[in-house]
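Each chain is listed here by its residues.
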Amino acid sequence: MNGSQASAPNGKGDGFLDFDAVIIGAGVSGLYQLYKLRQLGLRVRIFETGTGVGGTWYWNRYPGARFDSESYTYAYSFSPELLDEWSWEERFAGQPETERYLNYVADKFDLRRDIQFKSRVTAAHYREEKRGWDIVLEDGRHYAARFLITAIGVLSAPTMPRIPGVETFRGESFHTHHWPKEPVGFEGKRVGVIGTGATAVQAITEIAKMVGHLTVFQRTPNWCAPLHNAKIGEDEMRRIRASYAEIFARCDESPGCFIHKPDRRRTHEVTREEREAFWEKLYGEPGFGIWQGNFRDILTDRAANALISDFIARKIRERVRDPAVAEKLVPKNHGFGTRRVPLESGYYEVYNQPNVKLVDINETPIERITPAGIKTSDAEYAFDMIIYATGFDAITGTFDRIDIRGIDGVRLTDKWREGPQTYLGVLVEGFPNMLMVMGPHAALGNFPRAVEYNVDWVTALIRHGCERGVTRIEATPAGVAQWTDHVKASGEGLLFNEIDSWMTGVNRNVDGKQTRKIMRYSGGHPTFREHCDAVATDGYRDIALA
Ligand SMILES: Cc1cc2nc3c(=O)[nH]c(=O)nc-3n(C[C@H](O)[C@H](O)[C@H](O)COP(=O)(O)OP(=O)(O)OC[C@H]3O[C@@H](n4cnc5c(N)ncnc54)[C@H](O)[C@@H]3O)c2cc1C
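Here the structure is a predicted model, which means the values were calculated and not measured.

Colleague: Whenever I open this one, the sheet that holds strand S16 (residues 385-388) confuses me. Can you help?
Modeller: Within a sheet, neighbouring strands are paired by backbone hydrogen bonds and run either parallel or antiparallel to one another. With parallel pairing, five strands are arranged side by side in an open sheet as S7-S16-S8-S9-S12. Strand pairing shows two members of the sheet lacking a second neighbour, strand S7 (172-175) and strand S12 (356-360), which therefore form its edges. The sheet shows a mean angle of 15° between the axes of neighbouring strands, direction not considered. As defined by bridge partners, strand S8 (residues 190-194) adjoins S16 across four bridges and the pair is classed as parallel. The residue bridging Ile194 from the neighbouring strand is Tyr388, located in S16.

This is the structure we're talking about:
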């Protein structure tokens with residue numbers, strides 16, 4: 001396809017379309033999607049709220065923000081030249097390094113000329129007469145495009161806690177997602193952190209090194225495991241570079257696209273001694289091995305899950321000196337690995353510091369934020385700074401924040417009121433020409449690995465359509481019903497679907513998100529790819545092309 005075809009993928013030379021495709025979001029997903037659509041010769045524009053590229057790695061600048069994925073498994077694989085040029089400094093890169101990497105990608109492939117920053121999309125309405133989308137930005141500007149591609153992230157709609165008085169606090173306050181670009185000073189300050197999820201675990205560990213006094217307000221402790229980060233020397237980087245093909249192949253074979261593959265044994269197939277030795281080894285190794293590379297039944301068999309939970313609980317009790325504090329840090333309402341496991345670099349030892357206090361808000365709930373600090377049911381804490389590490393309205397939250405309407409003005413939020421319904425996590429019936437990259441009911445995991453597949457699939461579908469003069473791509477009701485059933489069936493028997501977490505769509509700070517839903521495909525990436533490949537091979541089965 002060449003440039004002249006590109007300006008009119010419908011073959012009619014439409015004057016009323018500003019772009020062939022609009023992509024929302026300039027994170028890992030949006031950048032690669034832009035690169036691929038340009039190769040088709042399409043006129044593409046990314047609209048991005050932020051002032052720079054990177055998405056997650058642009059926004060989350062809090063101290064301690066870094067990968068839990070091995071850096072070299074997170075790299076884009078599409079360009080051998082890029083793989084050759086980029087050297088990772090750390091096994092688990094910090095936010096600044098990852099932001100630099102994504103800027104390097106944007107520059108190398110000259111992506112910025114098609115990215116419009118400071119451009120939050122507030123509405124996108126499908127127009128049947130145009131077979132396209134009207135897109136409205138926050139500042140009122142309107143654009144029209146044939147295809148609307150959402151690359152808006154699964155963790156990009158931050159949520160504040162529902163506590164009265166937030167706006168009355170007189171000190172500094174930050175949500176970890178909206179961390180300022182300017183340096184924030186902590187020396188001598190009294191700091192309160194609300195939240196103990198993966199972000200909080202990273203932030204607390206770093207901030208504890210700098211503050212005068214730190215108070216952590218915890219509702220739900222998480223099962224954390226050591227990250228074991230290290231610098232990558234030149235020799236190691238050379239070895240990594242030489243084995244990229246094997247690294248990516250190994251990621252592709254694993255259910256979560258991580259370098260760690262489940263052990264083929266079941267927990268009870270080995271002796272107690274063998275089990276303990278295996279877990280000690282995993283606990284001493286870098287990354288998600290203890291979660292993703294464990295016995296294959298720890299997330300399906302309750303007895304197995306209880307054993308690994310007991311192992312991690314013993315580690316917490318060994319590392320935290322005060323037994324009462326240790327007990328508070330041991331999760332009681334979910335088993336190990338049934339929520340996203342935060343990786344840590346000295347998190348538990350923070351609670352051995354004399355200037356750190358842990359407040360269990362189940363025992364003493366927060367009543368309000370006051371001008372001076374935080375008031376719980378039994379005390380008032382004075383702070384210079386409050387940090388909200390209160391996470392995200394995950395997976396569908398960013399969609400909910402855009403007024404997306406399909407045929408006959410039907411709102412996407414209404415369509416998904418009882419839970420997402422998609423075809424392959426990419427298409428929604430009634431919303432023609434809207435394609436989602438890493439949408440609900442797609443397979444999550446080590447992101448770029450999943451993103452590259454997802455984007456390639458979306459691009460191939462658009463190419464298929466353009467080559468046939470198709471101007472309308474829509475999921476069929478049968479396809480959506482079948483995929484939604486399949487997604488539900490693939491989640492059966494998995495312990496994490498029985499637990500409240502962002503992965504099951506629960507967020508106590510968001511209306512209508514109090515009950516668990518199946519939000520993502522949990523049948524593993526190899527099976528996900530098999531399904532999507534088969535659909536493409538069958539000439540895009542269950543997709544209406546017109
Ligand atoms: C703290 C943190 C650590 C993480 N660590 C890992 C990890 O170790 N490994 C891993 O695989 N994943 C990790 N993730 C998940 C991470 O989100 C993905 O790895 C990846 O960065 C997602 O890329 P994306 O492009 O799909 O979405 P995002 O990076 O979220 O980008 C979406 C972009 O869309 C923009 N946007 C959204 N709505 C609009 C709108 N209405 N108008 C305009 N622009 C809009 C946003 O501003 C954002 O820039 C982490 C996430 C967080 C929050």
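Colleague: Quick question: what am I supposed to make of the pattern of salt bridges here?
Modeller: Opposite charge on two side chains allows them to pair when their charged atoms are near. Following the criterion strictly, the structure yields 49 salt bridges and no others. Between Arg66 and Glu90 there is a salt bridge, and its shortest N-O distance comes to 3.4 Å. Pair noted here: Arg66 is in the loop between helix H3 (56-59) and helix H4 (71-74) and Glu90 is in the loop between helix H5 (80-85) and helix H6 (95-108), with a separation of 24 residues, a long-range link. The exposure class assigned to Arg66 is partly exposed, which follows from its relative accessible area of 23%. Under the relative-accessibility criterion, Glu90 is labelled buried at 14%. The salt bridge involving Glu327 is made with Lys332; its shortest N-O contact spans 3.6 Å. By relative accessible area, which is 32% here, Glu327 ends up partly exposed.

Colleague: So what exactly am I meant to see when it comes to the side chain of Arg61 here?
Modeller: With respect to the helices and strands, the residue Arg61 is situated in the loop between H3 and H4. Within the structure, Arg61 has its side chain in polar contact with the side chain of Glu99 (distance 2.6 Å).

Colleague: It is not clear to me how the packing of aromatic side chains should be interpreted in this structure. Could you clarify?
Modeller: Two numbers describe a pair of aromatic rings. These are the distance of the centres and the angle of the planes. Across all of its chains, the model carries 40 aromatic pairs by this definition. For the pair Phe258 and Phe288, a centre-to-centre distance of 5.2 Å together with 80° between the ring planes defines the contact as edge-to-face. Linking Phe258 in the loop between helix H9 (244-253) and helix H10 (272-283) with Phe288 in the loop between H10 and helix H11 (289-292), this pair joins segments that are 30 residues apart in sequence. Neither Phe258 nor Phe288 differs from the other in exposure class; each is buried. When the ring of Tyr381 is compared with that of Phe383, the centres are 6.3 Å apart and the planes differ by 5°; the resulting orientation is stacked. With relative accessibility at 14%, the residue Tyr381 sits in the buried group. Taken together, the aromatic side chains of Tyr32, Tyr35, Trp57, Phe67, Tyr74, Tyr76, Phe78, Trp86, Trp88, Tyr101, Tyr104 and Phe109 make up a single cluster linked through ring pairs. Over the face of the ring belonging to Phe109 we find Lys108, whose NZ or CZ atom lies 5.7 Å from the ring centre. Over the ring of Phe278 we find Arg265; its NZ or CZ atom is 5.1 Å from the centre of that ring.

Colleague: Whenever I open this one, the site of the ligand confuses me. Can you help?
Modeller: With respect to spatial proximity, 35 residues lie near the ligand, and among them Ser29, Glu48, Asp68, Ser69 and Tyr74 are the closest. Here Glu48 contributes a side-chain N or O atom positioned 2.7 Å from an oxygen atom of the ligand. Here Val121 contributes a backbone N or O atom positioned 2.8 Å from a nitrogen atom of the ligand. In isolation the ligand offers 980 Å² of accessible surface; the protein chains occlude 95% of this area. The set of elements that each furnish at least two residues to the shell around the ligand consists of helix H2 (28-39) and H3. Sort the elements by how many residues they give to the shell around the ligand and H3 lands first, with three residues. Each residue belonging to the shell around the ligand can be placed in one class, and the counts come to 15 nonpolar, 16 polar and four charged.

Colleague: Sorry, what's going on with the environment of Glu253 here?
Modeller: As for its placement among the helices and strands, Glu253 is situated in helix H9. Residues Glu253 and His441 lie 188 residues apart in sequence; the distance between their C-alpha atoms is 20 Å. For Glu253, the side chain forms a polar contact with the side chain of Lys261, separated by 2.6 Å.

Colleague: Looking at this model, I keep getting lost on the confidence of the model for the protein. Mind explaining?
Modeller: A low pLDDT means the predicted coordinates there should not be read in detail. In the predicted model, the protein carries a mean pLDDT of 95, and 97% of its residues have values of at least 70. A low-confidence stretch, residues 1-13 (pLDDT under 50), is modelled with 21 contacts involving residues beyond four sequence positions or located in other chains.

Colleague: Help me out: how do you make sense of the packing of H10 against helix H12 (residues 302-319) in this one?
Modeller: Remark: H10 packs on H12, axes separated minimally by 11 Å, with the N-to-C direction vectors making an angle of 55°. Relative to H12, the element H10 lies oblique. Our pair here, H10 against H12, has a crossing hand that is right-handed. Only Leu307, Ile308, Phe311, Ile312, Arg314, Lys315 and Arg319 of H12 make contact with H10, whose side of the interface consists of Arg275, Glu276, Trp279, Glu280 and Tyr283. Broken down by class, the residue content of the contact of H10 with H12 amounts to six nonpolar, no polar and six charged.

Colleague: Whenever I open this one, the sheet that holds strand S15 (residues 380-382) confuses me. Can you help?
Modeller: On the basis of which strands lie adjacent, the open sheet formed by three strands has the order S13-S14-S15 and antiparallel pairing. Each of the sheet's edge strands pairs with one partner strand only, and the pair in question is strand S13 (366-369) and S15. Sheet twist, expressed as the mean angle between neighbouring strand axes with direction ignored, is 20°. As paired strands, S13 and strand S14 (residues 373-376) are joined by three bridges and run antiparallel to one another. Bridged to Ile369 within S14 is Ile374.

Calculation criteria
- Residues numbered from 1 in each chain as written.
- Predicted model: local features only at pLDDT ≥ 70, side-chain atom pairs only at ≥ 80, totals over all residues.
- Heavy atoms only, no water.
- Pairing = 2+ DSSP bridges.
- Helix = DSSP H or I, 4+ residues; strand = E, 2+ residues; numbered from the N terminus.
- Axes fitted to C-alpha atoms, helices over the stretch in contact; angles between N-to-C directions.
- Salt bridge = Lys/Arg side-chain N within 4 Å of Asp/Glu carboxyl O.
- Buried < 20%, exposed > 50% of the residue type's maximum accessible area, 1.4 Å probe, protein only.
- Polar contact = N/O pair within 3.5 Å; in protein donor to acceptor, adjacent residues only side chain to side chain.
- Phe/Tyr/Trp six-rings, centres within 6.5 Å; stacked < 30°, edge-to-face > 60°.
- Lys NZ or Arg CZ within 6 Å of the ring centre and 35° of its normal.
- Near = heavy atom within 4 Å.
- Areas by Shrake-Rupley, 256 points an atom, 1.4 Å probe, with all protein chains shown as cover.
- Nonpolar A, V, L, I, M, F, W, Y, C, P; charged D, E, K, R; others polar.
- pLDDT = per-residue confidence, 0-100.
- Contact = heavy atoms within 4.5 Å.
- Parallel < 35°, antiparallel > 145°, perpendicular 65-115°, else oblique.
- Left-handed = near helix turned anticlockwise from the far one by under 90°.

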